[in-house]
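Architecture and fold: a report
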There are 2 protein chains.
Amino acid sequence: MSRRPAIRPERLAARLARFAEIGATPRGGVNRQALTEGDRQARALLADLALARGFALRQDDAANLFLRREGGDPALPPLLLGSHLDTQPTGGRFDGALGVLAGFEVLEALEDAGARTGRAVELVSWTNEEGCRFAPGAMGSQAFAQGQIAPEWREARAPDGARLDDELALTLAVLPGVLLAPLGSPIAAYLELHIEQGPILEREDVPVGVVTGIQGTIWLEVTLTGQAAHAGTTPLDFRRDPLAAATRLLAALHGEVMPSDPQARFTVGRIEASPGSVNAVPESVTFTVDLRHPDAARLAALEQRVREAAMREAERARCTASFRPLAHMPPLAFPEAMLEVIETGAGRAGLPTLRLISGAFHDALHVARCAPTAMIFCPCRDGISHNEAEDVEPRFVAAGATALLEASLAFLERAEMGTSIETRGAAMRAG
Amino acid sequence: MSRRPAIRPERLAARLARFAEIGATPRGGVNRQALTEGDRQARALLADLALARGFALRQDDAANLFLRREGGDPALPPLLLGSHLDTQPTGGRFDGALGVLAGFEVLEALEDAGARTGRAVELVSWTNEEGCRFAPGAMGSQAFAQGQIAPEWREARAPDGARLDDELALTLAVLPGVLLAPLGSPIAAYLELHIEQGPILEREDVPVGVVTGIQGTIWLEVTLTGQAAHAGTTPLDFRRDPLAAATRLLAALHGEVMPSDPQARFTVGRIEASPGSVNAVPESVTFTVDLRHPDAARLAALEQRVREAAMREAERARCTASFRPLAHMPPLAFPEAMLEVIETGAGRAGLPTLRLISGAFHDALHVARCAPTAMIFCPCRDGISHNEAEDVEPRFVAAGATALLEASLAFLERAEMGTSIETRGAAMRAG
């Protein structure tokens, strides 16, 4: 390399501000849900930036968008950096975009320095990490890891009525000249920078979180069905009210699950009564349950508890309960050698690190199936995310991008010395 | 009159079946919500039928549609019969349509018999009785009684985004040749046939219910607002979860209000979490409350109880509560003289009667402000309504229409003898 590559914090900050304009909300957040017009605009802008710097572009059937800075041997699998550009409906400016734009900054830093790497370094923007319009989340990285899009996903409908397959086609069509490559090209390793979305790093004032793994997640859609009836005339003993049953059930679960286990997370983010008339007892009530736990067995036990309680409350109200699994991501531990790569890189830049588990799932969870993977967490203000008030201090943005660059360089050095890293929780093998 | 007018049950049954085709649902019900395309089709069909029999048509600004069979003295205020043609989203074939089509059958029976009445007999189909798309319900009859459409109603938006004023204009345009008359033309009296929507008449096997009054109704929209947060990372003590608060509140109210007072009705028909992501603690939860009671003071106390409980649970969850009144209809008693008119008519046809209070509100509640009013109830199967399974035995349809015809004749006789009836709860005055 001609000189040591370095992050330019002001360039990265300007990029984050520019992307936050796409889907900007009046309260300073971003609404750029997956496969919407805003998401397409953000991809198109990223593609423009790539072309301006001479990086090669490709996309796959899941509309994952790859930027490639070529290395000395094009046949070697690349180091992949990445995250996502889609957001929650009332999301923030950093969740996802930080990882993509810091990754782009790493590619630019290499380019600015005229760095020659033995293998290519690539950046990916994964499709539909948030899963708001189409479940499950992290759809693009899952499709990448599986080598295909699950057929049932293609027919999925967003709450606004759009069909996933149609939205994918529209999104791919935004970049008509870009090569359409098969899903799941080989990679040497994957590194993702992301905001912590929790309060720990900020509280400890540590700029670089070394993520040891990701807690498991189960998404379940529960429907209680009773009988629609007139609100004014139907006496209590004639009612089979699924809303009365659902609220009793959810009040009980809110009162039990998290209070009895600080590691557990129980969230109901969506609820709807059908037909939804002010003056009719609903026929059915549907809600989602988001369950998380670092321990696989306890996560499974939580799901069982929710299902049993739902059936019990339904029966009590002469209703029925049905369940639709929306997602199941078991807990994951990242390979020790990848954690060391990050710690080595951060150490060279003089950045303190802290090991911690991720409360949120990420694309890295899926990519970890096919390559050594790890994540860097960046502190965010008050642990707030999935919220327009989400914020990251400029010094932490710069530190995160620097850690990503240095971890990338550390990985490339080891890889070029012939050191290989196993994909799951393994120690480094001698080269 | 040349011969005694008589209902033709097979003609009425065929009409009910024909109208049930408009907005028919796969499960045998009807989805013909107010001011939708289906509602417009039903009005257009009724207008066609009127023209075929030579009845005059007019509509008003609220899109109430009037059919007039002229009487001996066009200057006398008419006897008005009516009900509504709109339905719940998963409604039945009889709620509303029975009263309109039985009323039309009465006009036809008079016409078939060449009956000469001293004053005109009119039929009205009121706009938006159900209130599903636009609150409040019974909008057309309220506008008629008030002589104007409340300005705030005009800007109301349906859940599907449609604006009331636009929908009214589209609906009026369906019958371009029909006279647009001012709201609130004078009437001598109002009679409405409707299904009971409760279990009493069927249980007692009585074909004709004489409705003594209507219980009071309050509709309230409640919003609890907390803070959106990430489902996976946010510990319990960082959460301000409005859904946890709402379900606790509603579980408590469901467990208290109706069990402690058999005359009270408490129904939550609509609930929604915003932004509605599987993996985010909601920022807010909005639900409707439908409260009913025959006693005005106890109805007001119920509302107070709901508001206080909501504020208490919101505070407990570090959320806020806000309230939007959607409707308030105080309890009403119909004039004794009008009840006697129905009992006299039913007696002449040999039909047993039973006096009962209405658990549902009806257009008659509002029309009662400007003219002597009463209602006839028809038994419905299992008391089921606001449901696709709603049903009425053919013998009860025929009996209800016969009672409506005979009550109309009884009223016309008294009116032509110069007997007048006061509007509210008063006895008849000697003519």
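What you see is a predicted model, and the numbers here were worked out from it, not measured in a lab.

1. Considerations on the overall build of chain A
Counting its regular elements, chain A contains 12 helices and 17 strands. A globule of 431 residues ought to have a C-alpha radius of gyration of about 22 Å, and chain A, at 23 Å, matches this closely. Along the first, second and third principal axes, the C-alpha set of chain A runs to 85 × 45 × 40 Å. For chain A, buried positions account for 58% of its 431 residues. Restricting the contact set of chain A to residue pairs at least 6 apart, pairs at least 24 apart contribute 79%.

2. Concerning the interface of chain A and chain B
Note: interface size is frequently given as the accessible area lost on complex formation between the parts. Each partner contributes to the interface: chain A provides 61 residues, whereas chain B provides 60 residues. By residue class, the composition of the side of chain A that touches chain B is 28 nonpolar, 26 polar and 7 charged.

3. Remarks on the packing of helix α8 (residues 242-260) of chain A against helix α8 (residues 242-260) of chain B
The contact between α8(A) and α8(B) brings their axes to 8 Å, and the two run at 125°. Classified by the angle their axes make, α8(A) and α8(B) are oblique. Read as a crossing pair, α8(A) and α8(B) show a hand that is left-handed. For the pair formed by α8(A) and α8(B), the contact residues are Ala244(A), Thr247(A), Arg248(A), Leu250(A), Ala251(A) and His254(A) on the first element and Ala244(B), Thr247(B), Arg248(B), Leu250(B), Ala251(B) and His254(B) on the second. Its residues assigned to classes, the contact of α8(A) with α8(B) shows 6 nonpolar, 4 polar and 2 charged.

4. Details of the relation of the copies chain A and chain B
Superposing chain A onto chain B takes a rotation of 179° plus a shift of 0.0 Å along the axis, which leaves an RMSD of 0.1 Å. This pairing of chains is accounted for by a two-fold axis. Ranked by how close their C-alpha atoms come to the rotation axis, the residues of chain A are headed by Thr247(A), at 2.3 Å. Most of the interface of chain A is mirrored in chain B: 98% of its interface residues are interface residues there too.

5. Topic: the environment of Asp166(B)
For Asp166(B), the location among the structural elements is in helix α6 (residues 164-172). Put simply, Asp166(B) and Gly255(B) are 89 residues apart on the chain and 41 Å apart in space, counted from C-alpha to C-alpha.

6. Side note on the packing of helix α3 (residues 97-112) of chain B against helix α12 (residues 394-416) of chain B
Residue and element names in this part refer to chain B. At a closest axis distance of 9 Å, the pairing of α3 and α12 adopts a crossing angle of 55°. On the basis of their axis angle, the class for α3 and α12 is oblique. The two elements α3 and α12 meet at a crossing, and its hand is right-handed. Between α3 and α12, the residues in contact are Leu98, Ala102, Gly103, Glu105, Val106 and Ala109 and Val397, Gly400, Ala401, Leu404, Leu405 and Ser408, respectively. Each residue belonging to the contact of α3 with α12 can be placed in one class, and the counts come to 8 nonpolar, 3 polar and 1 charged.

7. A word on the domain arrangement of chain A
Considered domain by domain, chain A is made up of domain 1 (9-215 + 331-416) and domain 2 (216-329). When the residues that make up the side of domain 1 of chain A that touches domain 2 of chain A are grouped by side-chain class, the tally is 6 nonpolar, 3 polar and no charged.

8. What to know about helix α6 (residues 164-172) of chain A
Residues and elements named next belong to chain A. Those residues of α6 lying buried are Leu164, Glu167, Leu168 and Thr171. Mapping the buried residues of α6 onto a view down its axis gives an arc of 100°, with all of them on the same face. On the buried face of α6, the contacting elements are α2 (37-52) and α5 (151-154).

9. Structural notes on the environment of Ala300(A)
Along the chain, the position of Ala300(A) falls in helix α9 (residues 296-316). Each C-alpha atom, one on Ala300(A) and one on Ile218(A), is 8.5 Å from the other, the two residues being 82 residues apart in sequence.

10. What about unusual backbone geometry?
Leaving glycine out, the prevailing phi sign among residues is negative, and the prevailing peptide bond configuration is trans. For the bond from Ala135(A) to Pro136(A), the omega torsion is -5°, close enough to zero to count as cis. Topologically, Pro136(A) is positioned in the loop between β4 (121-126) and α4 (139-146). The omega torsion of the bond from Ser274(B) to Pro275(B) falls at 5°, within 30 degrees of zero and hence cis. The topology assignment puts Pro275(B) in the loop between β11 (271-274) and β12 (280-281).

11. Some words on the pairing of strand β2 (residues 65-69) of chain A
Counting buried residues in β2(A) gives 4 out of 5 residues, a clear majority hidden from the surface. Joining the antiparallel neighbours strand β1 (residues 56-59) of chain A and β2(A) is a turn of 5 residues, in which Ala63(A) adopts a positive phi near 65°.

12. Some thoughts on the environment of Asp39(A)
Residues and elements named next belong to chain A. On the secondary structure map, Asp39 appears in helix α2. Measuring from C-alpha to C-alpha, the distance between Asp39 and Leu85 comes to 6.9 Å, with 46 residues separating the pair along the chain. Look past the residues within four positions of Asp39 in its chain and what remains in contact with it is Arg32, Gln33, Ala34, Leu85 and Asp86.

13. Focus: the confidence of the model for chain A
Per-residue confidence for chain A averages 93 on the pLDDT scale, and 96% of its residues sit at or above 70. Confidence drops under a pLDDT of 50 for residues 422-431 of chain A, and excluding neighbours within four residues, the segment shows 21 contacts in the predicted structure.

Calculation notes
Residues numbered from 1 in each chain as written. Chains lettered and ligands numbered in written order. Predicted model: local features only at pLDDT ≥ 70, side-chain atom pairs only at ≥ 80, totals over all residues. Helix = DSSP H or I, 4+ residues; strand = E, 2+ residues; numbered from the N terminus. Rg over C-alpha atoms; globule rule 2.2 N^0.38 Å. Buried ≥ 20, exposed ≤ 12 C-beta atoms within 10 Å, placed from the backbone. Contact = placed C-beta atoms within 7 Å. Nonpolar A, V, L, I, M, F, W, Y, C, P; charged D, E, K, R; others polar. Axes fitted to C-alpha atoms, helices over the stretch in contact; angles between N-to-C directions. Parallel < 35°, antiparallel > 145°, perpendicular 65-115°, else oblique. Left-handed = near helix turned anticlockwise from the far one by under 90°. Least-squares fit on C-alpha atoms with pLDDT ≥ 70 in both. Domains from an automatic or database assignment. Arc of directions from axis to C-beta. Pairing = 2+ DSSP bridges. pLDDT = per-residue confidence, 0-100.

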